[in-house]
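Structural characterization, general
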Amino acid sequence: MTAAEIIGKIFLPLSLAIIMLGMGMTLVPIDFTRIFKYPKAAIIGLTNQLVLLPIIGFLLAIIFNLNPTMAVGLMILATCPGGPTSNLITQICKGNIALSVTLTAIASIISILTIPFILSYALSYFGTETNVTIQLPIVDTILQIMVITVIPISIGMLIRKYKTDFAKRMEKPMRIASTVIFILVFIAVLAANYKMIGVGMKEVGLVTLSLNILTMGLGYVTAKFFKLNLKNTISITVESGIQNGTLAFVIATTILNNVEMGIPIGAYSLWMFITGGILMWYFGKRTEIDSE
C-alpha cells in the first residue's frame, strides 16, 4: 500500500470520524428538526451544490478553453457533493454544523443519480466519449456517509445527551483538535500527491481557483440574498466550495480509468484547503458568531 493509499484509506477517514464524534457532542436533535421545519437554508444549499455548481464548472471549462480531458476532470469536481472535510471546516468556522452535515448527506445520495447524467453529457460535449457506463459505487458511497459521518455524530449526540457536562467541556478542545487535524491532513495530502498537484497547478491552477472562489462566493451571496443568519451563511458558503475530492478521484481514475482527469482534482484540493483555512482563520476567531 502506497503512502497516498494509507493516507486516503486509513488516516483521513479515521481522523474525520474522530472529528465527527466531537461535532456530535455539540449537537442536539432539535438542531436537525429545525432544518426541516425551516427548510429555506437547506434548499438554497442543495440548489447551489447540485444545480448551479455544475453550470459554473461547465462555463469555466468553455471560457478557459480547456482540452477535453481537463474539461471533464473539472466537471467531475463540479458534480461531486461536499464531503466530511466541509463539515470539519464548518465546525471550526462556527457555522451551522447540523445544516452542513444534512447538506452533505442529502447531496451525496442525490448525486448518485445526478453525477452519471451530467458526466455522460460532459463526455459527449467535450468529445471524450468513452462508451463507459458511469455507475457510481452506491454501496461504498452510502457506507462512507454512515461510517465517517452519521455513526460518529450519532455517538457524539448520545454522549451529549447522557454526559452533557463532559460534552460541553470538550467543545473547545475538540475545536482545537479539529484545527490541528485539518493542518495535518493538508500536509499529508500535499505530500502524498505533490506530483499531481504540481502538474495541476501549471495546467489548470487558475481555472480551479476560479471554480473554488466563484462557488464559495455563490454560496455567500445566495445566503445573504435570502437573509440567512451568519451561521447558515457560513455553512452554505463552505458546502458550495468544498467538494468530495476522494469521490472525484474514484470517478476519474477507477470508473473512467483516466488518471489525467484527476489533475484538476489535485489542483482543486490544494485550493480548497487554502481557502478553507482562510475561512477557518477569519470566522474561527469571531466570538459574536457563538451568540447567534
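The following paragraphs examine the structure supplied in this document. (Residues numbered from 1 in each chain as written. Predicted model: local features only at pLDDT ≥ 70, side-chain atom pairs only at ≥ 80, totals over all residues. Heavy atoms only, no water.)

**Comments concerning the layout of surface pockets**
Taken as a whole, the second largest pocket spans an internal volume of roughly 670 Å³. Forming the walls of the second largest pocket are 26 residues, and the residues nearest its centre are Asp31, Arg34, Gly95, Asn96 and Lys231. Contributions of two or more residues to the lining of the second largest pocket are made by α2 (29–37), α3 (40–63), α6 (97–125), α9 (171–192) and α11 (230–241). The residue inventory of the lining of the second largest pocket, partitioned by class, reads nine nonpolar, six polar and 11 charged. (1 Å grid on protein atoms, 1.4 Å probe; cavity = no way out; pocket = protein on both sides within 12 Å on 5 of 7 lines; lining within 4 Å. Points joined across faces, edges and corners; volume = space filled by probe spheres on them. Helix = DSSP H or I, 4+ residues; strand = E, 2+ residues; numbered from the N terminus. Nonpolar A, V, L, I, M, F, W, Y, C, P; charged D, E, K, R; others polar.)

**A short note on the packing of helix α4 (residues 68–79) against helix α13 (residues 263–284)**
Where α4 meets α13, the closest approach of the two axes is 7 Å, and the angle between their N-to-C directions is 50°. By the angle class used here, α4 and α13 are oblique. For the pair α4 and α13, the crossing hand works out as right-handed. Side by side, α4 and α13 meet where Met70, Gly73, Leu74, Ile76 and Leu77 of the first sit next to Ile263, Pro264, Ile265 and Tyr268 of the second. (Axes fitted to C-alpha atoms, helices over the stretch in contact; angles between N-to-C directions. Parallel < 35°, antiparallel > 145°, perpendicular 65-115°, else oblique. Left-handed = near helix turned anticlockwise from the far one by under 90°. Contact = heavy atoms within 4.5 Å.)

**Focus on the nonpolar core**
Buried together is how nonpolar side chains tend to be arranged in soluble globular proteins. Among the nonpolar cores identified, the biggest contains 74 residues, and Leu66, Ile76, Phe126, Ile236 and Ile251 are the most heavily contacted of them. Among the elements that make up this core, the one with the highest residue count is α6 (11 residues). Excluding residues within four positions of it along the chain, Ile76 makes contact with Leu119, Ala248, Ile251, Ala252, Leu256, Met261 and Ile265. (Core = buried A, V, L, I, M, F, W, Y, C linked by side-chain atoms within 4.5 Å. Buried < 20%, exposed > 50% of the residue type's maximum accessible area, 1.4 Å probe, protein only.)

**Comments concerning the environment of Pro264**
Tracing the backbone shows Pro264 in helix α13. The spatial distance from the C-alpha of Pro264 to the C-alpha of Gly73 is 5.8 Å, given a sequence separation of 191 residues.

**Section: the environment of Asn87**
Note on placement: Asn87 falls in helix α5 (residues 84–92). By relative accessible area, Asn87 is classed as buried at 0%. Separated by 12 residues in the primary sequence, Asn87 and Leu99 have C-alpha atoms spaced 9.2 Å apart. When neighbours within four sequence positions are excluded, Asn87 is seen to be in contact with Met20, Met23, Ser100, Val101, Thr104, Thr149 and Glu239. A distance of 3.1 Å separates a polar atom in the side chain of Asn87 from a polar atom in the side chain of Thr104. (Polar contact = N/O pair within 3.5 Å; in protein donor to acceptor, adjacent residues only side chain to side chain.)

**Remarks on helix α12 (residues 245–255)**
Every α-helical turn comprises 3.6 residues, leaving residues that sit three or four positions apart pointing alike. Those residues of α12 lying buried are Gly245, Leu247, Ala248, Ile251, Ala252 and Ile255. Taken down its axis, α12 places every buried residue within 170° of arc, on the same side. Trailing α12 by a residue or two, Asn257 shows a phi angle of about 55°, which is positive. (Arc of directions from axis to C-beta.)

**Here's the deal with unusual backbone geometry**
One non-glycine residue with positive phi stands out, namely Asn65, at about 50°. Of note, Asn65 is situated in the loop between α3 and α4. On the basis of relative accessibility, which here comes to 66%, the residue Asn65 falls in the exposed class. The residue Lys94 is not glycine, and still its phi comes out positive at about 65°. Within the secondary structure, Lys94 is located in the loop between α5 and α6.

**Re the packing of α5 against α11**
Axes are the key here: two packed helices are described by the angle between their axes and the distance separating the axes. The geometry of α5 relative to α11 is characterised by a closest axis approach of 9 Å and an angle of 150° between their N-to-C directions. In this view, α5 runs roughly antiparallel relative to α11, as classed from their interaxial angle. The crossing of α5 and α11 is right-handed. Contact residues: Ser86, Asn87, Ile89 and Thr90 in α5; Ser235, Val238 and Glu239 in α11. By residue class, the composition of the contact of α5 with α11 is two nonpolar, four polar and one charged.

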